[in-house]
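Listed below, chain by chain, are the residues.
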Amino acid sequence: MTKFYLLAFTIYSTIVFSQKKDSVMLISEVQIDAYKKPASFITSTKSVSIVSQNLLSQNLPERLLESFNQIPGARMEERSPGSYRISLRGSTLRSPFGVRNVKVYLDNFILSDASGNTYFNIISPELINRMEIYKGSESGDFGAVTGGTVLLQTQNSDQISANLSVGSYGTFNESLNFSKQMGKHFFQIFQNYYRTDSYREQSAVERKQIFIKDHFQYSKNAQLKAMILLSDLDYQTPGGLTLEQMQVNRKQARPKTATLPGAREQNAGIRNKMVLAGVSHDFKFTPDLSHFILVQGSYVDFENPFITNFENRFESNFALRTHLNYQQNWNKISAEWRLGFEGATNNIFIKNFNNNKGIEGNPQNFDKLKNNSGFFFASQKLNFNERLFSDISLSLNSNSYEWEKIFPVSQNGETKFTNQLLPNFGITYLFAKGFSVRGKIGKGNSAPTNEEIRSSNQEFNLNLVPEYGWNKEIGIRKQFGNALFAEANYFDFRMKDAIVRRQNERGQEFFINSGATIQKGIEFLLESKNFNLKNDFLNHFKFRFSGSFYDFKFQNYQQGETDFSGNELTGVPKTTINSLLNFTFFNILSVDYSHFYTSKTPLNDANTVFSDSNLIGNIQFRYPVNLDQTRINLFLQIQNIYNTDYVLGFDINAFGNRYYNPAAKRNFVLGAKVDF
């Protein structure tokens, strides 16, 4: 608690001091892409946050967690190295690992599959140049999710660089990036290799990745884009511990019991090989009328040796997105219309065997699953006299799946969910330059993913239905002079048929619809410019301060004879507060000092077990060395500088009270990035 008050005092004092200084650029003038619907941040009707290079530089080589968790309302969790979850306003309730109920795009290509599952951990953080995070139900352009949408953008300007770093627990990372405009083509070739033994037993990670893209501007009105992503990810999974086991030895993997072997004995882990390729075409018929089309496919070879079985999963995916855009300007009114479709199909062949210490044994179950999803969407943007901005969208969403049991019995069937018509309306009023108020209301719908329909208990959950709900929110954005930017949002989301995770006595998961939830919250951001202090010792200073206050509860939720209505929503902390201070000393040494505070979190639906609150501090030093045409950026990152005992990702509702996945104590990464 002393650290928390010291942090608050530091931030307060630096704000008061810095308001007297100059800045060079208005935060409110940042542009968002919004999937090819650009708008200024201050006038956007959406609940959107921008992750720029300043935040991306805080990440460790294997993850985007540090930059993601600086965003109010967004939370990235690490159950073990290589195993990540993304929560937008509490959306990880149904996600034991991976990313569900959050739509993810990479350079406008679709990273999420037809069922809504995303292998986010295949992406190297160094590939990403910018992120836009949309919180809450968007419908319209982005489809049916209730959690939110993440737009990842790769390099879009010339850069030739190499990165090499080493760190604690045998960490090694190298990457090469070549991005260059060559005539009508903009090429990027990115390669990355990463490995670590990690903090706990049975938690080593190895990732290999190659990304290639070509943007071909073959005429002034037309552009053809192509990309291919190849990723090979292999990480061990140590498993959850009980509180007593964690207190005895934080580094141990899940130990064996009288009836089940442990994670080390079974060589538990994930091996995921994925290739994603696609092409898109953008054509302007006239300055006001344009058409966009995208076609892509992917293949996944997924292996998961687990405590009780060895699962092989082979996935093929195909997706199409197209839309027609028209815009018109009058005297004091401008308008933009979009009409489009996005659809995808996902075929999966799942084979489960006995796990003989990491080797396939006798067969248990062979199943097939095919998921089809799609949505038609229409949207309209209106701008009245550069003061009143509105965004109206409507999407018609469909989702269905076919299932087939092959071994040891033969059986098949299909399920089609009711089509959902999802409206969304947002409005922003600009009172003055740098001061706007906005309101938004929208409906979201999220169907079960393939891993929820056919989860690790190897049964098809045919009773699972989509969750849905209405989100209402208001927000204010204000620029204070030329120095500070502040934003605050209040939202109220009422969800029905919420999907939650359960575990059986063998540690296998399954999912149920849990009734209704009430999710209310406040999110805030206070950010400064990079102030020039005109001092030979401390030259520049910038700060960022953000957080969220949530009141999330179950409503009408009963399991058997037990009524959980009124309980806090599982896995969601009430309070998170984050900060980032950027200093420049002697006109050359950069120091980034960040903090992440998380309040206690309920770990089961009964609210009988809570995690401890924690405050985690990180610090980074960056020192550039210029050699002729080459710039070498040396850096040292020290994570968890207070050496705190904490957990970065809990197993909620875990059987046997195995909730805990301990995170690393104090550790470091030392490296250099060379820009040629």
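Scroll up to find the structure this text is about.
Bear in mind that the values here come from a model prediction, so they are computed numbers and not experimental data.

**Details of the overall build of the chain**
Piece 1. The helix and strand inventory of the chain stands at five helices and 37 strands.
Piece 2. Against the globule reference of 26 Å for 676 residues, the chain gives a C-alpha radius of gyration of 24 Å, in line with a compact fold.
Piece 3. Every one of the 676 residues in the chain was classed for burial, and the buried ones make up 60%.
Piece 4. Contacts spanning at least 24 positions in sequence make up 65% of the contacts within the chain whose residues lie at least 6 apart.
Piece 5. Total accessible area computed for the chain in this model is approximately 26,700 Å², and 58% of it derives from carbon and sulfur atoms.
Piece 6. Between the centroid of the 72 positive side chains of the chain and the centroid of its 62 negative side chains there is a distance of 4 Å.

**What to know about the packing of aromatic side chains**
Piece 1. Scanning all chains against the criterion turns up 32 aromatic pairs.
Piece 2. Each ring, one from Tyr-169 and one from Tyr-199, has its centre 5.8 Å from the other, and the planes form 70°; the classification is edge-to-face. With Tyr-169 in the loop between strand 10 (159-167) and strand 11 (171-182) and Tyr-199 in the loop between strand 12 (185-196) and strand 13 (205-219), this pair connects stretches of sequence that are 30 residues apart.
Piece 3. You can call Tyr-199 buried: its relative accessible area is 11%.
Piece 4. Ring geometry for Tyr-550 against Phe-552: centres 4.5 Å apart, planes inclined by 10°, an arrangement best described as stacked. Just as Tyr-550 is buried, Phe-552 falls in that class too.
Piece 5. Joined through ring pairs, the aromatic side chains of Phe-537, Phe-541, Phe-543, Phe-583, Phe-585 and Phe-586 make up one cluster.
Piece 6. The positively charged end of Lys-478 is found above the aromatic ring belonging to Phe-480, 4.9 Å away from the centroid.

**Some remarks on the sheet that holds strand 9 (residues 148-153)**
Piece 1. The five strands lie next to each other as 3-8-9-6-7, forming an open sheet whose pairing is mixed. Bordering the open sheet on either side are strand 3 (48-51) and strand 7 (109-110), each of which pairs with just one other strand.

**Here we look at the pattern of salt bridges**
Charged atoms that come close allow side chains of opposite charge to pair.
Piece 1. Going through the model one piece at a time under the given rule, you end up with 39 salt bridges.
Piece 2. Of the charged contacts, one joins Arg-75 and Glu-77 as a salt bridge, the two residues approaching to 3.2 Å between their closest N and O atoms.
Piece 3. Judged by relative accessible area, Arg-75 falls into the buried class, the value being 19%.
Piece 4. Classification of Glu-77 by relative accessible area gives buried; the value is 5%.

**As for the nonpolar core**
Piece 1. Ranked by size, the top nonpolar core spans 68 residues in total, and within it Phe-68, Ile-128, Met-131 and Leu-152 carry the most contacts.
Piece 2. Each residue touching Ile-128, except ones within four places of it in the same chain, is listed here: Gln-53, Leu-56, Leu-64, Leu-106, Ile-123, Leu-152 and Gln-153.
Piece 3. Formed by 14 residues, the second largest nonpolar core is a distinct cluster that contains Phe-531, Phe-541, Phe-585 and Ile-619.

**Details of the pairing of strand 28 (residues 516-528)**
Piece 1. Burial analysis of strand 28 places ten of its 13 residues in the buried class, the great majority of the element.
Piece 2. Summarising the sheet, strand 28 and strand 30 (residues 538-555) pair through twelve bridges and their orientation is antiparallel. Its bridge partner lying in strand 30, Ile-518 is registered against Lys-553.

**So, the environment of Asp-563**
Piece 1. With respect to the element layout, Asp-563 can be found in strand 32 (residues 562-563).
Piece 2. You can call Asp-563 partly exposed: its relative accessible area is 46%.
Piece 3. Beyond its immediate stretch of four places on either side in the chain, Asp-563 contacts Tyr-557 and Gln-558.

**Details of the side chain of Thr-118**
Piece 1. Of note, Thr-118 is situated in the loop between strand 7 and strand 8 (130-135).
Piece 2. Sequence-distant contacts of Thr-118, defined by excluding residues within four places in its chain, comprise Gly-98, Val-99, Val-102, Val-104, Leu-111 and Ser-112.

**Regarding a nonpolar patch on the surface**
Piece 1. Residues Tyr-218, Leu-224, Val-279, Ile-293, Val-295 and Phe-318 make up a contiguous nonpolar surface patch of about 460 Å² in total accessible area.
Piece 2. For Leu-224, a relative accessible area of 36% corresponds to the partly exposed category.

Conventions adopted
- Per chain, the residues get numbers from 1 upward, laid out in the order the sequence is written.
- Local features in this predicted model are restricted to residues of pLDDT 70 or higher, and side-chain atom pairs are both shown and tallied only at a pLDDT of 80 or more, whereas totals for entire chains, interfaces and linings draw on every residue.
- Note: side-chain values were computed over all heavy atoms of the structure, leaving out hydrogens and water.
- Think of it this way: any DSSP run of H or I at least four residues long counts as a helix, any run of E at least two long counts as a strand, and we number them from the N terminus.
- Here the globule rule reads 2.2 Å times residues to the power 0.38, and the radius of gyration is calculated from C-alpha atoms.
- A 1.4 Å probe rolled over the protein chains alone gives each residue an accessible area, and that area as a share of the maximum for its type sets the label: buried under 20%, exposed over 50%, partly exposed in between.
- Contacts are assigned to residue pairs with any non-hydrogen atoms lying within 4.5 Å of each other.
- All accessibility values rest on the Shrake-Rupley procedure with a 1.4 Å probe; residue burial counts only the protein chains present in the view.
- The charged-residue count follows a simple rule in which Lys and Arg add positive charge and Asp and Glu add negative charge, with His and chain termini not counted at all.
- Charge positions come from single atoms, namely NZ of Lys, CZ of Arg, CG of Asp or CD of Glu.
- For Phe, Tyr and Trp, where Trp contributes only its six-membered ring, two rings pair if their centres lie within 6.5 Å, and the inter-plane angle classes them as stacked under 30 degrees, edge-to-face over 60, or tilted in between.
- In this scheme, Lys NZ or Arg CZ marks a charge over a ring once it lies within 6 Å of the ring centre and within 35 degrees of the ring normal.
- When DSSP finds at least two bridges between two strands, those strands are taken to pair.
- Every case where a carboxyl oxygen of Asp or Glu lies within 4 Å of a side-chain nitrogen of Lys or Arg is listed as a salt bridge.
- As used here, the term nonpolar core means buried Ala, Val, Leu, Ile, Met, Phe, Trp, Tyr and Cys residues forming a set that is joined through side-chain atoms within 4.5 Å.
- Each patch is built from salt-bridge-free residues with over 30% relative accessible area, joining like charges within 9 Å and nonpolar side chains (Val, Leu, Ile, Met, Phe, Trp, Tyr) within 5 Å.

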